[in-house]
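Analysis of the macromolecular model
If you want the building blocks of each chain, they are given just below.
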Amino acid sequence: MISTPDPWWPTALLAVVLFSDAIMSVRPPMFIQRCLDGVRFPRDWWWALVVVKLLAAAGLAAGLRYEGVGVTTNVAVIAYFLCAAYAHYRARFLKQEFWLNCLGMLALSTAALFLSHTSAL
């Protein structure tokens, strides 16, 4: 079924932010490096985060046309950032990067879900 989320802009905003984050993560700036090093994520696997973020952005973009895809992708993005928050907690890396990057993205993805898809839930 073709159905645009109402309103559509929170989903689009989250897709743009995740796409931008993925592009930045190709050659991560220092604040992303500190974040990944702080949770002891292996540098050999940093590329996987780029792929996950690009796929999430694509899923959210597809969700602008197919609502079930958008809801599913949005829930997966929330799960991703919950796992990231847990990794920060386990590593005891609760510095500025945790509060701004991790919890900020968790808040944005949660807000996008509730603003755009509450009727689908």
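Residues numbered from 1 in each chain as written. Predicted model: local features only at pLDDT ≥ 70, side-chain atom pairs only at ≥ 80, totals over all residues. Heavy atoms only, no water.

1. Some thoughts on the nonpolar core
To be explicit about the condition: Take the buried Ala, Val, Leu, Ile, Met, Phe, Trp, Tyr and Cys residues and link them wherever side-chain atoms come within 4.5 Å; each set so joined is a nonpolar core. For the exposure calls, accessible area comes from a 1.4 Å probe over protein chains only, and a residue counts as buried if that area is under 20% of its type's maximum, exposed if over 50%, partly exposed in between. By definition, any uninterrupted DSSP run of H or I lasting at least four residues is a helix, any uninterrupted run of E lasting at least two residues is a strand, and each is numbered from the N terminus. Throughout, a residue-residue contact means that at least one pair of heavy atoms, one from each residue, lies within 4.5 Å.
Counting residues in each nonpolar core, the largest one holds 14 residues, and the members touching the most others are L14, L18, L60, V77, F81 and M105. Elements with a contribution of two residues or more to this core: α1 (9-26), α3 (46-63), α4 (67-91) and α5 (96-117). Filtering out sequence-adjacent residues up to four positions away, V77 remains in contact with L14, L18, A56 and S109.

2. Some thoughts on the pattern of salt bridges
Our working rule: The term salt bridge refers to a side-chain nitrogen of Lys or Arg lying within 4 Å of a carboxyl oxygen of Asp or Glu.
Using the criterion set out here, one finds two salt bridges in the structure. Across the pair K53 and D21 runs a salt bridge whose closest N-O atoms are separated by 3.1 Å. One end of the pair, K53, is in helix α3; the other, D21, is in helix α1, with 32 residues separating them in the sequence. Take K53: its relative accessible area is 8%, and that puts it in the buried class. For D37, the salt bridge identified is with R43, shortest N-O distance 2.8 Å.

Shape is all these values report; function is a separate question.
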